[in-house]
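Descriptive analysis of the structure
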Amino acid sequence: MDITQALPLLGGLSPQQFMKRHWQKKPLLVRQAIPNFKPLLARSELFELAANEDAQARLVVQESGAAWHFKHGPFPRRTLPPLKQPGWTVLLQGVDLHHDAVHALMNRFRFVPDARLDDLMISYATDQGGVGPHYDSYDVFLLQAQGHRRWRIGRQKDLSLQPDMPLKILANFQPEAQYVLAPGDMLYLPPRYAHDGIAEGECMTYSIGFRIPNRAELARELLQRLAEEAEDAVGVRLYRDPDQAAVEQPAEIPASMLAFAQDALQEALKDSQAFARGLGQYLTEPKPQVWFDSVEPSKQLASQLLNCGCRLDRRTRMMFDAQHLFINGECLQASGRDAALMRALANARELSAREVSQLSGQALAQLLSWVEAGWALVQTC
Ligand code: SIN
Ligand code: CO
């Protein structure tokens, strides 16, 4: 992607300008971000997905402007309220994992690192449907897909919530601006920006959301992964205490044992490569509801890979850092031309037949194993 090129998607800003001026700073309203945009899934397909065990569906119903009801799916069609009933919304998280076209739409936002891109959520609402005034802790692009939605937004500091509600609803919402979005219009909101979107007639909104790891979560994840490697990192040296004096208080933990434990932990934390490996593995871990469709190994598959190239499955997460390559929670070794080609695969999510033919035998076998596991798909040619 040319990050200096002005894009209609960003209202004529280049990705570079957008990131500098708006990202995590201030909202951006883009009229006709995607001109002539048509929903990628029909209402019936959305409802089918809402009934699926593997989809993450939520239902929000507001009863005549008062009580809010909230439920987790799956929702067989008969369990959703009637279409004539106003004021309800069904939200489907991670639709990019189920549909290639939705995944391709999300990829238009890859001017932000993959480590930050999370998922594309689709909401379907009947007239007056919404999830109430709230804030999210992540950045979001709200793309209007069908019908109209009135967004009211505000940058308020008071983020206190109404007590005893089944969902997060701001206690004192103070909107400063409002916009009615039509199909193809888009609104970017930074984290913690108060907003309330109310459907005006039947409405579908696509939310491109970002993941924001917090320090505690990262520390926990990395410590868990470091723990798995601890034996190799610090060695199995036994505690020794030839200078231990006789004690009068046997229940007291010896200070030297605390020092021994601290030293072992510090030794494990010294390995910055282990940190980098842990982070990459964590960031590329597939979501819990994801599974891949493996295929039978065959000579034909291998020759199709060489003749036609391959692309990553939409569910595959592949990233790299200065020293490592990561795919679906695994860390792998590659150097020289292989590493350059694997990085190209991670960035473009595809390799041409020419690029595949430049891989070493070992890297080609690796790639073939991903095809067999369903992590990558051979192209047809
Ligand atoms: C919606 O699409 O109904 C809600 C999206 C949001 O407010 O984040
Ligand atoms: Co929101």
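Residues numbered from 1 in each chain as written. Chains lettered and ligands numbered in written order. Predicted model: local features only at pLDDT ≥ 70, side-chain atom pairs only at ≥ 80, totals over all residues. Heavy atoms only, no water.

Scanning the protein from terminus to terminus reveals ten helices and 15 strands. Counting only C-alpha atoms, the protein reaches 80 × 70 × 45 Å along its principal axes. At a minimum sequence separation of 6, the contacts of the protein that also span at least 24 residues come to 76%. As displayed, the protein has an accessible area near 20200 Å², and 52% of this comes from carbon and sulfur atoms. (Helix = DSSP H or I, 4+ residues; strand = E, 2+ residues; numbered from the N terminus. Contact = heavy atoms within 4.5 Å. Areas by Shrake-Rupley, 256 points an atom, 1.4 Å probe, with all protein chains shown as cover.)

Our next topic: the coordination of the cobalt ion (ligand 2). Each protein donor to the cobalt ion (ligand 2) is listed here as His134 (NE2), Asp136 (OD) and His195 (NE2); together their distances run 2.0 to 2.1 Å. All donors to the cobalt ion (ligand 2) come from one chain, and their sequence spacing reads H-x1-D-x58-H. By the burial criterion, His134 is buried, and Asp136 matches it. (Donors = N, O, S within 2.8 Å, 3.2 Å for Na, K, Ca; no water. Buried < 20%, exposed > 50% of the residue type's maximum accessible area, 1.4 Å probe, protein only.)

Around ligand 1 lies a shell formed by Leu91, Met121, Ser123, His134, Asp136, Leu142, Arg149, Trp151, His195, Thr205 and Ser207. In the environment of ligand 1, an oxygen atom lies 2.7 Å from a nitrogen or oxygen atom belonging to the side chain of Ser123. For ligand 1, an oxygen atom lies 3.4 Å from a polar atom in the side chain of Arg149. Notes on ligand 1: free accessible area 260 Å², of which the protein chains cover 96%. Elements with a minimum of two residues in the shell around ligand 1: strand E5 (117-125), strand E6 (140-154) and strand E9 (194-210). Here the shell around ligand 1 is composed, by residue class, of four nonpolar, five polar and two charged. (Near = heavy atom within 4 Å. Polar contact = N/O pair within 3.5 Å; in protein donor to acceptor, adjacent residues only side chain to side chain. Nonpolar A, V, L, I, M, F, W, Y, C, P; charged D, E, K, R; others polar.)

Turning next to unusual backbone geometry. A cis amide bond links Gly73 to the next residue, Pro74, at an omega of 5°. Position of Pro74 among the secondary structure elements: in the loop between strand E3 (68-72) and strand E4 (88-93). In the Ramachandran plot, Asn328 falls in the positive-phi region, its phi being about 45° despite a non-glycine side chain. Along the chain, Asn328 turns up in the loop between strand E12 (325-327) and strand E13 (330-332). We classify Asn328 as buried; its relative accessible area is 5%.

So, on to the domain arrangement of the protein. Each assigned domain of the protein is listed with its residue range as follows: domain 1 (8-210), domain 2 (215-270) and domain 3 (299-378). Inter-centroid distance (C-alpha atoms) of domain 1 to domain 2 is 47 Å. (Domains from an automatic or database assignment.)

A few words now on the packing of helix H4 (residues 215-234) against helix H5 (residues 255-269). Closest axis-to-axis distance for the H4/H5 pair is 9 Å, and the angle between their directions is 105°. When the axis of H4 is compared with that of H5, the two are roughly perpendicular. Of H5, the residues touching H4 (which contributes Leu223, Leu226, Ala233 and Val234) are Ala264, Glu267, Ala268 and Leu269. Partitioning the contact of H4 with H5 into residue classes produces seven nonpolar, no polar and one charged. (Axes fitted to C-alpha atoms, helices over the stretch in contact; angles between N-to-C directions. Parallel < 35°, antiparallel > 145°, perpendicular 65-115°, else oblique.)

The subject of this paragraph is the side chain of Arg149. Considering the arrangement of structural elements, one finds Arg149 in strand E6. Within the buried core, Arg149 has no salt-bridge partner, and the shortest N-O distance to an opposite charge, that of Asp196, equals 6.9 Å. A polar contact of 3.4 Å, which involves the side chain of Arg149, links it to the side chain of Ser123. (Lys, Arg positive; Asp, Glu negative; His and termini not counted. Salt bridge = Lys/Arg side-chain N within 4 Å of Asp/Glu carboxyl O.)

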